[in-house]
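# Inside the fold
Next come the chains, spelled out residue by residue.
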Amino acid sequence: MTESSDKETLPNILSIGAAVPEGVVTNEELEKTLDTSDEWITSRTGIKRRHVLKEEEKPSSLGVEASREAIDKSPVDPEEIDLVVVATNVSDMPIPGSSPFIVKELGLSRDIPFFDLKAGCSGFLYAVDVAANMIGGKGYAEILVIGLEALSRVVNWDDRSTCVLFGDGAGAAVISKRGNRGRILSTSIYGDPSKANLIKVEGGGTRLPPAKGSEEDERYYIRMEGKGVFKSAVNMMKRSSLHVLEDAGLDLSDVDWIVPHQANIRIIKQLASSLGVGMDRVVVNVDEYANTSTATIPIAFKEGIEEGSIESGDVVLLTAFGAGAAYGATLLEW
């Protein structure tokens, strides 16, 4: 577990950008190929649509688009960015990842460091925590944080228990000490390795590298234990949320908006209930985008701002769990 709360050193989230593919797969379309229905999917997940990349589209292009928007909305010039952190579970390439392609296409300095970070769907909040501490401890000044996912490429579209859940997307944030918006009040990240097998893609890593015929092997697709994920998710997000509030010296009554990981409407509602918070204070867009993993929080955060729900001065709680094993929260004043 790590926590950060030094208000003299924690930086600001200056801006948010997001991008999703134009292609959309609706529940009605899935009805044509799967033994399922719009009613079944909606009642169990809250999902109606998911945005999906076309075969010829590069996943990293979503990260580039989201990053450009975030940079354009911030007072930071591209040449001032001195670190890029890309949270993603399935990189464009196992080696070298997604971050170098994004940095190159953005035209950033060839000398700045960049890396991919993997922490399940909580990856974006892990990256925010890393960025906040890198600015406070290593002297970095302007950090670009990206949540990027193209899970449509690793779902089995014949498996109704998983393929209905995921979509593609990216979100990005510029984190800096400058400015007076998006002041980070507290961050925390946690892990529970005992839950490591709840959500997994076994194939494609160094334990089980790709081989001829692997496209017929279920180990190369996302598999999950739904009941175990549900049980862990609510407890994890509640714990990390209460920790950042305590760390910042605030109560739930001080929070104007909660932006949770958009995995499943039932998980979101159960989290709100366990915290004693009404759904009118929770940002939800899982119906439109499904679970975009590391991108769900920045996409939902941006929508909350653009719709006028999240206003200047609001205290916002971001909370997520990922791959069954990792979780965290960030508390900020927008």
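Each remark here, short or long, concerns the structure printed above.
Described below are features of the structure shown in this document. (Residues numbered from 1 in each chain as written. Predicted model: local features only at pLDDT ≥ 70, side-chain atom pairs only at ≥ 80, totals over all residues. Heavy atoms only, no water.)

## What to know about the pairing of strand β5 (residues 83-87)
So the rule is basically this: Accessible area is worked out with a 1.4 Å probe on protein chains only. A residue is then buried under 20% of its type maximum, exposed over 50%, and partly exposed in between. Segments assigned H or I by DSSP are reported as helices when at least four residues long, segments assigned E as strands when at least two residues long, and all are numbered from the N terminus. Pairing between strands is defined by DSSP: at least two bridges between them are needed. Every crossover in which the path from the first strand over the helix to the second runs clockwise, viewed with the strands pointing away from the viewer, is termed right-handed.
Taken across its five residues, β5 has five buried, putting it largely inside the fold. Because side chains alternate across β5, one face comprises the buried residues L83, V85 and A87, and the other comprises V84 and V86, equally buried. Summarising the sheet, β5 and strand β7 (residues 142-150) pair through five bridges and their orientation is parallel. In the sheet register, V84 faces β7, and the bridge partner there is L144. In this sheet, strand β6 (residues 114-117) lies alongside β5 in parallel orientation, the contact comprising four bridges. Each residue of the ladder has a partner; that of V84, found in β6, is F114. For the crossover that starts at β5, traverses helix α4 (residues 99-106) and ends in the parallel β6, the hand is right-handed.

## Overview of a negative patch on the surface
Defined as follows: Only residues whose relative accessible area exceeds 30% and that take part in no salt bridge are eligible for patches, with like-charged residues grouped when within 9 Å of each other and nonpolar side chains (Val, Leu, Ile, Met, Phe, Trp, Tyr) grouped when within 5 Å. Computed by Shrake-Rupley with a 1.4 Å probe, the accessible areas treat only the displayed protein chains as cover when residues are assessed. Salt bridges are counted wherever a side-chain nitrogen of Lys or Arg sits within 4 Å of a carboxyl oxygen of Asp or Glu. We count Lys and Arg on the positive side and Asp and Glu on the negative side, and we leave His and both chain ends out. To locate a charge, take atom NZ for lysine, CZ for arginine, CG for aspartate or CD for glutamate.
Side chains of D251, D254, D256 and E311 sit close together on the surface and give a patch of like negative charge. Mapped onto the secondary structure, D251 falls in the loop between α7 (226-248) and β12 (257-260). Judged by relative accessible area, which is 51%, D251 ranks as exposed.

## Considerations on the packing of helix α3 (residues 59-73) against α4
Formally: Interaxial angles span 0 to 180 degrees and are taken between N-to-C directions of axes, which are lines fitted to C-alpha atoms, for helices over the stretch in contact. Should an angle lie under 35 degrees it is considered roughly parallel, over 145 roughly antiparallel, and from 65 to 115 roughly perpendicular; all remaining angles are considered oblique. Note on convention: the crossing is left-handed when the near helix lies turned anticlockwise from the far helix by less than a right angle, right-handed when the turn is clockwise. Here a residue-residue contact requires only that any non-hydrogen atoms of the pair lie within 4.5 Å. Residue polarity is assigned by list, with Asp, Glu, Lys and Arg as charged and Ala, Val, Leu, Ile, Met, Phe, Trp, Tyr, Cys and Pro as nonpolar; anything else, Gly included, falls into the polar class.
Where α3 meets α4, the axes come as close as 9 Å, and the angle between the chain directions of the two elements is 50 degrees. In terms of orientation, α3 lies oblique with respect to α4. Between α3 and α4 lies a crossing whose hand is right-handed. Contacts from S60, G63, V64, S67 and R68 in α3 reach F101, I102, E105 and L106 in α4. Per-class residue counts for the contact of α3 with α4 are four nonpolar, three polar and two charged.

## Considering α3
Our working rule: Expected span, for any helix, means 1.5 Å times one less than how many residues it has.
Between its first and last C-alpha atoms α3 spans 22 Å; for 15 residues at 1.5 Å apiece the expected length is 21 Å, and the two agree. Buried residues belonging to α3 abut β2 (12-19), α4, β7 and β8 (168-176).

## A look at the nonpolar core
Put simply, the rule reads: The term nonpolar core refers to a set of buried residues drawn from Ala, Val, Leu, Ile, Met, Phe, Trp, Tyr and Cys, joined through side-chain atoms within 4.5 Å.
Formed by 35 residues in total, the largest nonpolar core has its most connected members in I13, V145, V259, F301, I310, V316 and L318. In terms of residue count, helix α5 (residues 123-138) provides more of this core than any other element does, eight residues in total. Residues L185, I258, A263 and A329 belong to the second largest nonpolar core, which totals 28 residues.

## Description of the pattern of salt bridges
Overall, the coordinates contain 13 salt bridges when judged by the stated rule. Close ionic contact of E142 with R178 constitutes a salt bridge, the shortest N to O distance being 2.9 Å. Of this pair, E142 sits in strand β7 while R178 sits in the loop between β8 and β9 (183-191), and the two are 36 residues apart along the sequence. A residue is classified by how much of its surface remains accessible, and R178, at 27% relative accessible area, is partly exposed. K195 serves as the salt-bridge partner of D192, at 2.9 Å between the closest nitrogen and oxygen. Each of E69, K73, K302 and E306 takes part in one network of salt bridges that share partners.

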